Every structure is written in C-alpha cells, then in structure tokens.
Amino acid sequence: MTKIGIIGGSGLDDPDILKNPETVHVSTRFGDPSSPLRCGRIEGVETVILARHGNSHQYSPAQVNNRANISALKEIGVTHIIATTACGSLKEEIDRGHLVVLDQFIDFTRFRKNTFHDSFANGAKHVAMAAPFDSELRQRLYGTASSLNLPVHRKGCVVTIEGPRFSTVAESNMFRMWGADVINMSTAPEAILANEAEIPYGAVAMSTDYDCWKQGEEPVTWDEILAVFNKNASNVTSLLIEVVKGFSRK
Ligand code: ADE
C-alpha cells in the first residue's frame, strides 16, 4: 500500500496538512531522526511527515542525521519520499518564489555521512546514481504544480554545498559554469541515501534568492530566505496536498 514520506525543509517543515496526526518515535541503528514522525492521512493516503532540521530548526545542514531520517522512513514503511527544500537560484529565469522539480544533483558536500554501505564485508555495494530523482514523482510534482498555476520549472540541477556559510562570488559563478540551476545545503546526501534504501525520491525546491552571482542584487542572507519562504510556503503546502491526493486516484 502507498505510504508517502514528506521531508520538510527550512520553513516548510510544519505543514499542518494531516488530520489527527499521530506522533511516532522511531529509533534507528544510526540514531534518532531529526524529528518524531507525524503520521496521518490525506484523502485516505497514508502520509508521514519528518522535519529535516528538527521541530525547532535545531539542526544545521551538516548536523542533520540523514541516515537516521531515511532509515526511520524505511522502517515505518514509506513507499515514496517527497522532499521540500529552499534553494538559491543560479539562473536569471528562476525567480524568487519559483518552484523547481529537481532532476539532477552535484554533490559539493564534504563531511556528510552519505552512505549506508560503509563496509564491504558482505560484498561490494556501488549504487547507480545517474538518475537520482524518481521520474514518476517528478511528473506528479510538475503536473500538479502546473495544474495549480504555480510558477514551476520542469527540471533543474541542484548543487548541494557543505554550508553553513553561503558561497563566494567565485564559487557561485563556478557552479553556474558547471550547469547547476539552483543551490542548497541539503539535497544530495538525502537523495543518495534514499536511492541506497531503494525508496523512490522526488524533491521540489523553492527559490528564495539569487545567491551572490547576480549583478545589482545584494548577496543572499538568511533573513531574505525566511521572508521569501514565509511568503510562498502555502504554495508548497498546496502542492504537497494535491500530489498526495493524486495517489488516491492512482
Ligand atoms: N538555500 C537557500 N538559498 C541558498 C543559497 N543561496 N545557498 C545555499 N543554500 C541556500
């Protein structure tokens, strides 16, 4: 049976979208997930919500225990994961408030635990990562966002940086030359682990800023990110609700 896991990013981690949610505490061999799991239904579809940075945003991007988060969702039996994230835009045409359905990542993190396969004692494990975002989830996210008339881009490559600092202008320009469309601090390790756990993973990113490459714009600040989030968070919430509802018509 379908069970959707939603991993909510900064500012998008407390969508009040479940009726009578039950709070479930799951512990994994990698430790505790960032938050208890909130379990309920949307139009009959079982849904589990996890706050990536914790219920009071207490975990920095590098502190997020992605292995525990993905393991906890696996243990509770989710069949699909939909992640939300804020991102900076590396392209003129991706404006503040726009949504991007991610289809590729560049992993520029350095110190994250990003595999379940630390040991090859029971055989080598090299997981394919050519297409890390599930195509069915991408279609559902893009199709639903379009039908809601939300400003949405069908695909985009995210570069995930280590953080918590933002990029230099030189780095931002380099990421643009590499062909990245948006930038954040969370997606790559999470997507890698979901793929290793064999849970179809889709992600929608909300652009909150132009990082620091764009002439005539002030470099990104955390306050700007929060302000743009708050203004547009309801779009992401509506999108999540409609995408989950879509599974009841499957
Ligand atoms: N998240 C939102 N905007 C960002 C940026 N410019 N760089 C890294 N992460 C971000």
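Residues numbered from 1 in each chain as written. Predicted model: local features only at pLDDT ≥ 70, side-chain atom pairs only at ≥ 80, totals over all residues. Heavy atoms only, no water.

1. Here we look at unusual backbone geometry
Line of reasoning, step 1. Of note, the bond from Gly 163 into Pro 164 is cis; its omega dihedral lies within 30 degrees of zero at -5°.
Line of reasoning, step 2. Considering the arrangement of structural elements, one finds Pro 164 in the loop between β9 (157–161) and α3 (169–178).
Line of reasoning, step 3. A positive phi angle is found at Glu 43, which is not glycine, with a value near 45°.
Line of reasoning, step 4. Locating Glu 43 in the fold gives a position in the loop between β3 (37–42) and β4 (45–51).
Line of reasoning, step 5. Although it is not a glycine, His 57 adopts a positive phi angle of roughly 50°.
Line of reasoning, step 6. Note on placement: His 57 falls in the loop between β4 and α1 (66–75). (Helix = DSSP H or I, 4+ residues; strand = E, 2+ residues; numbered from the N terminus.)

2. As for the site of the ligand
Line of reasoning, step 1. Close to the ligand lie 13 residues; Cys 87, Gly 88, Asn 184, Asp 209 and Asp 211 are nearest.
Line of reasoning, step 2. Contact distances for the ligand include 2.7 Å between a nitrogen atom and a side-chain N or O atom of Asp 209.
Line of reasoning, step 3. The contact in question runs from a nitrogen atom of the ligand to an N or O atom on the side chain of Asp 211, over 2.8 Å.
Line of reasoning, step 4. When the ligand sits alone it has 260 Å² of accessible area, and the protein chains cover 95% of it.
Line of reasoning, step 5. For the shell around the ligand, the secondary-structure elements that each account for two or more residues are β5 (80–89), β10 (182–184) and β11 (201–209).
Line of reasoning, step 6. Among the elements that take part in the shell around the ligand, β5 stands out by supplying three residues, more than any other. (Near = heavy atom within 4 Å. Polar contact = N/O pair within 3.5 Å; in protein donor to acceptor, adjacent residues only side chain to side chain. Areas by Shrake-Rupley, 256 points an atom, 1.4 Å probe, with all protein chains shown as cover.)

3. Quick look at helix α2 (residues 135–147)
Line of reasoning, step 1. For α2, with 13 residues, the first-to-last C-alpha span of 18 Å sits near the 18 Å given by 1.5 Å per residue.
Line of reasoning, step 2. Taken together, the buried positions of α2 are Leu 137, Arg 140, Leu 141, Thr 144 and Ala 145. One side of α2 holds all its buried residues, which, seen down the axis, span an arc of 115°. Opposite its buried face, α2 presents the exposed residues Gln 139 and Ser 147, each directed more than 90 degrees away.
Line of reasoning, step 3. Turning to α2, the residues buried within the fold contact β5, β6 (99–101), β8 (152–153), β11 and α5 (222–248). (Expected span 1.5 Å × (residues − 1). Buried < 20%, exposed > 50% of the residue type's maximum accessible area, 1.4 Å probe, protein only. Arc of directions from axis to C-beta. Contact = heavy atoms within 4.5 Å.)

Geometric descriptors of this kind do not, in isolation, establish any biological role.
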